[in-house]
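The primary structure of each chain is shown beneath.
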Amino acid sequence: MATPDQQLATMIANIPEKTGKSLQDWIDIINGSGLTKHGEIMSLLKNEHGVSHGFANLLVAKSKETGEEVDLIAEQYSGGKAGLRSIHDMIVLYANALGGDVEVAPKKSSVSLRRAKQFALITPATKTRIDLGLALKGDEPAGRLESYNAMCSHRVRLESSGDFDDEVKAWLREAYDRAG
């Protein structure tokens, strides 16, 4: 199975073939649009240019590599938390595969995953752990699925890529389904 980095490299290499324009052409279109919000740019690319959700999300991220959004994620996973970045990337890759309406919204200390509303929150909580918050209101906490806070009713602690297993993916899919 390809790593998230290998999958990303493949997607970048396939931009011209799959979208009909080069990465730089898309960055020029995005910059020329005057739009700055992730969701607005996604809508432009998908609705006016027919770009698939996955490629639209990638193009927005690439267009902002010198901007705030990429810096926020880079800052979250700098220094002692750098080893957690691969877990973050696995979660985002899986979440994007759930449907064409996932919005990845970086904040200062976390990354929100949204549809019509937030369904998950990725937070590098310590140097060795990501807290994956899940909007599963009404479910009883059990085992690895703990009570959390008001925005995300539950959390799962992830310390290695192996912790992001089928059980956690099922909870993430359930949270995604409920947010639609």
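None of these values were measured; they are calculated from a predicted model. (Residues numbered from 1 in each chain as written. Predicted model: local features only at pLDDT ≥ 70, side-chain atom pairs only at ≥ 80, totals over all residues. Heavy atoms only, no water.)

Caption draft 1: Expanded view of the pattern of salt bridges. In the structure shown here, the tally under the stated rule is 11 salt bridges. With its nearest N and O atoms 3.1 Å apart, the salt bridge here joins D131 to R155. Taken as a pair, D131 in strand 4 (residues 129-134) and R155 in strand 6 (residues 154-158) lie far apart in primary sequence, 24 residues in all. Residue classification places D131 among the buried residues on the basis of a relative accessible area of 3%. (Salt bridge = Lys/Arg side-chain N within 4 Å of Asp/Glu carboxyl O. Helix = DSSP H or I, 4+ residues; strand = E, 2+ residues; numbered from the N terminus. Buried < 20%, exposed > 50% of the residue type's maximum accessible area, 1.4 Å probe, protein only.)

Caption draft 2: Quick look at the pairing of strand 2 (residues 111-114). Of the strand pairs in this sheet, strand 1 (residues 103-106) and strand 2 are connected by 4 bridges, and their pairing is antiparallel. Residue P106 lies in a different strand from strand 2, and its bridge partner there is V111. By the bridge criterion, 4 bridges tie strand 2 to strand 3 (residues 118-126) in an arrangement that is antiparallel. What sits directly across from V111, in strand 3, is I122. (Pairing = 2+ DSSP bridges.)

Caption draft 3: Just the packing of aromatic side chains, in detail. Within the structure shown, the criterion is met by 2 aromatic pairs. Between Y94 and F164 the ring centres are 5.9 Å apart and the planes differ by 80°, which places this aromatic pair in the edge-to-face class. Of this pair, Y94 sits in helix 6 (residues 85-98) while F164 is found in the loop between strand 6 and helix 7 (166-178), placing the two residues 70 residues apart along the sequence. Residues F119 and Y176 carry aromatic rings whose centres are separated by 5.5 Å and whose planes lie at 80° to one another, so their mutual orientation is edge-to-face. Placement of F119 in strand 3 and of Y176 in helix 7 is noted, with a sequence separation of 57 residues between them. Y176 carries the same exposure label as F119, and that label is buried. Here K21 stacks its cationic end above the ring of W26, 5.3 Å away from the centre of that ring. A cation sits over an aromatic face here: R115 above Y176, 3.8 Å from the ring centre. (Phe/Tyr/Trp six-rings, centres within 6.5 Å; stacked < 30°, edge-to-face > 60°. Lys NZ or Arg CZ within 6 Å of the ring centre and 35° of its normal.)

Caption draft 4: Main features of the side chain of R155. A residue is classified by how much of its surface remains accessible, and R155, at 14% relative accessible area, is buried. Polar side-chain contacts of R155 include one of 3.1 Å to the side chain of D131. A polar atom in the side chain of R155 sits 2.8 Å from the side chain of E146. (Polar contact = N/O pair within 3.5 Å; in protein donor to acceptor, adjacent residues only side chain to side chain.)

Caption draft 5: Highlighting the sheet that holds strand 2. Spatial strand order, 1-2-3-4-6-5: 6 strands in an open sheet with antiparallel pairing. Two strands close off the open sheet at either side, each with one partner strand: strand 1 and strand 5 (146-147). Contacts from helix 6 reach strand 1, strand 2, strand 3, strand 4 and strand 6, with the element oriented near 25° to strand 4. (Contact = heavy atoms within 4.5 Å. Axes fitted to C-alpha atoms, helices over the stretch in contact; angles between N-to-C directions.)

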